[in-house]
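Observations on the model geometry
This is what each chain is made of:
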Amino acid sequence: MVKQEHQLSNQAGGMKREPTPSGSAGLPRTVTILGATGSIGRSTLDLIGREPERYRVVALTANGNAGQLAELALQHRAELAVVADPAAYAELKAALAGSATKAAAGEAAVREAAGVRVDWTMAAIVGAAGLVPTLEAVRRGGRLALANKECLVAAGDLFMRACAQSRVELLPVDSEHSAAFQALAGAAPEAIESITLTASGGPFRSWSLAELGQATPEQALRHPNWSMGAKITIDSATMMNKGLELIEAYHLFPVTPDQLRVVVHPQSIVHCLVAYRDGSVLAQLSEPDMRTPIALSLAWPGRMAAPTRRLDLVALGSLTFEAPDEVRFRSLAVARAALEAGSTACALLNAANEIAVGAFLQQRIGFLDIVGVVEAVLGDGECTRLPQSQASIEDVLATDALGRRLADARLRHCGASGKR
Ligand code: NAD
Ligand code: MG
């Protein structure tokens, strides 16, 4: 695919950092959180709540959990709270009655909230559902902390082009990408030899293929190191998460696909390693707690305190590394092939994976069927005939819809190995 380069603000010759209006005047930074009720959203609000004089919450959005959203909005004195699901509006409105927080509902209202001018936005909706509102935040400009990796998987070229056009300051939040962002500071692209993302290996790192075939949602949701939303936890168990992150890294950083590596590191302490041409390797280490990368994005270009466990190397004793097994965890190879094929394949991969993960969580298909569904969609004649690049958001949304429809149809073929 034709790669759109948008220089991140930590890159040599990158964008001049323009102080945000309120930040520069010592006033609180205004912030909006898309996906405020999720794991990343709540961790972000946890940090904001510890320094209320530095941040002012403008808008919080969620899908349908009106009760939790209202609670967060009242606690953080948000100006606006928005649920994507119109059916949740009445509950939200009632819960906010008598407060200064306005309530709104519907997809258009989420998008509008994303477009309200603020200094900093956290994009933490899960899945391609976050694409349209996050692109709205991109167009509006300012700083964008990006956790919603599916935006880059489904529409990386388009997304990065929009970032370059609006000169948005893009700050990666995914722990590996936040680590790379730090280890790459100031590097010229030609100085970089490779970027290695680490993967915990998830709860099934040492399971056989036969055991994986029997894995249940309950077992897959028990991640050994990280506490996260359901979709990314399943993605970690299949290792599709690392596949999505390869595509994410490709778009964020000035590297080719063959410069991107993955190594399994069960302790999740080293998050990413950047190797330079002179043999030097820079890595970022921290305890596995998303509040560290979120804090980096929130305080950027400064640093803020995060109440995370401190790294104690002596107590840890050893850190281990192993090669990923792409026979048991085929998702990694499937995602790499999609990256090589182009942006249409990446959008299809993301859509099919979202449907398959949802079906696995509902116990409609087995664990190994997840990657099976994704492969079947990518190999479907209707998909292989599509042009490999996505020119517009309409193209991306049509490809996403096709991927979902074909994946849905495919679920029926998984009956035998699923349903228990
Ligand atoms: P989550 O499921 O805990 O939260 C998702 C949020 O998105 C919720 O607020 C939910 O209400 C909202 N949402 C869901 N569907 C929506 C829709 N259709 N319209 C509008 N809002 C919707 O997810 P999470 O674990 O916080 O992950 C969020 C994103 O961050 C994902 O893209 C994930 O891959 C990425 N990420 C998460 C972690 C982590 O530790 N949780 C780490 C790295 C990256
Ligand atoms: Mg990650």
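Numbering of residues starts from 1 in each chain and follows the order in which that chain's sequence is written. Here chains are named by letter from A upward and ligands by number from 1 upward, in the order in which they appear as written. Under the rules for a predicted model, residues below a pLDDT of 70 receive no local features and side-chain atom pairs below 80 are neither given nor counted, while totals for whole chains, interfaces and linings still include all residues. Water and hydrogen atoms were dropped before computing side-chain values, which therefore reflect all heavy atoms in the structure.

1. Topic: the overall build of the protein chain
Each helix corresponds to a stretch of at least 4 residues labelled H or I by DSSP, and each strand to a stretch of at least 2 residues labelled E; elements are numbered beginning at the N terminus. Secondary structure summary: the protein chain contains 19 helices and 11 strands in total. Put simply, the radius of gyration uses C-alpha atoms, and a globule should come to 2.2 Å times the residue count raised to 0.38. For 420 residues, the compact-globule formula gives about 22 Å, and the C-alpha radius of gyration of the protein chain, at 21 Å, lands near that figure. Principal axes of the C-alpha set define a box for the protein chain whose edges measure 55 × 55 × 45 Å. A simple rule labels every residue: compare its accessible area, found with a 1.4 Å probe on the protein chains alone, to the largest value its type can have, and call it buried under 20%, exposed over 50%, or partly exposed in between. Within the span of the protein chain, comprising 420 residues, buried residues form 56% of the whole. The long-range fraction of contacts in the protein chain, counting pairs at least 24 apart against all pairs at least 6 apart in sequence, stands at 69%. Values of accessible area rely on a 1.4 Å probe in the Shrake-Rupley scheme; residue burial ignores everything except the protein chains shown. Summing over all exposed atoms, the protein chain offers an accessible surface of approximately 17,000 Å²; the carbon and sulfur share of this is 52%. A residue counts as positive if it is Lys or Arg and as negative if it is Asp or Glu; His and the chain ends are not included. Note that the charge is assigned to NZ on lysines, CZ on arginines, CG on aspartates and CD on glutamates. With 40 positive and 43 negative side-chain charges, the protein chain shows a separation of 3 Å between the mean positions of the two kinds. We call two residues in contact when some of their heavy atoms are within 4.5 Å.

2. Quick look at the site of ligand 1
The nearness test applies per residue and asks whether one of its heavy atoms lies within 4 Å of the molecule or strand. Taken together, 22 residues lie around ligand 1, and Thr37, Ser39, Asn63, Glu150 and Gly229 are the ones closest in. Counted as a polar contact is a pair of N or O atoms within 3.5 Å, where, for protein atoms, one must be capable of donating a hydrogen and the other of accepting one, and residues adjacent in sequence contribute only when both atoms are in side chains. Between threonine 37 and ligand 1, the recorded distance is 2.7 Å, taken from a side-chain N or O atom to an oxygen atom. In the model, an oxygen atom of ligand 1 is placed 2.8 Å from a nitrogen or oxygen of the glycine 229 main chain. Here ligand 1 has 820 Å² of accessible area as a free molecule, and 87% of this is covered by the chains. Grouping the constituent residues of the shell around ligand 1 by class yields 12 nonpolar, 7 polar and 3 charged. Under the convention adopted here, Pro, Cys and the residues Ala, Val, Leu, Ile, Met, Phe, Trp and Tyr are nonpolar, Asp, Glu, Lys and Arg are charged, and Gly plus all remaining residues are polar.

3. Quick word on unusual backbone geometry
Residues tryptophan 300 and proline 301 are joined by a peptide bond in cis, for which omega reads 5°. Within the fold, proline 301 resides in the loop between α13 (291-299) and α14 (313-316). Of note, arginine 77 is a non-glycine position whose phi angle comes to about 50°, a positive value. Within the fold, arginine 77 resides in the loop between α3 (66-75) and β3 (80-83). For arginine 77, a relative accessible area of 72% corresponds to the exposed category.

4. Here's the deal with the confidence of the model for the protein chain
One number per residue, pLDDT, summarises how confident the predictor is, and it ranges from 0 to 100. Residues with a pLDDT of 70 or more make up 95% of the protein chain, whose mean pLDDT is 94. Counting contacts from residues 13-21, a segment whose pLDDT is below 50, to residues more than four positions away or on other chains yields 21 contacts. Segment residues 416-420: pLDDT under 50, and 15 contacts once partners within four positions in sequence are set aside and those in other chains are kept.

5. Quick look at the environment of alanine 352
Within the secondary structure, alanine 352 sits in helix α16 (residues 343-361). For alanine 352, a relative accessible area of 0% corresponds to the buried category. Sequence spacing of alanine 352 and alanine 407 is 55 residues, and the spatial spacing of their C-alpha atoms is 5.2 Å.

6. What to know about the sheet that holds strand β10 (residues 270-276)
Pairing in this open sheet of 4 strands is mixed, and the strands run β9-β8-β10-β11 from one edge to the other. The two strands at the open ends of the sheet, each matched to only one other strand, are β9 (260-264) and β11 (281-285). Each strand of the sheet is rotated relative to its neighbour by a mean of 20°, with strand direction disregarded. Between any two strands, at least two bridges found by DSSP are needed for them to pair. As judged from the 5 bridges shared by strand β8 (residues 192-199) and β9, these two strands associate in the parallel manner. In the sheet register, alanine 199 faces β9, and the bridge partner there is valine 264. Every axis corresponds to a line fitted to the C-alpha atoms, with the helix fit spanning only the stretch in contact, and the corresponding angles, defined between N-to-C directions, vary from 0 to 180 degrees.

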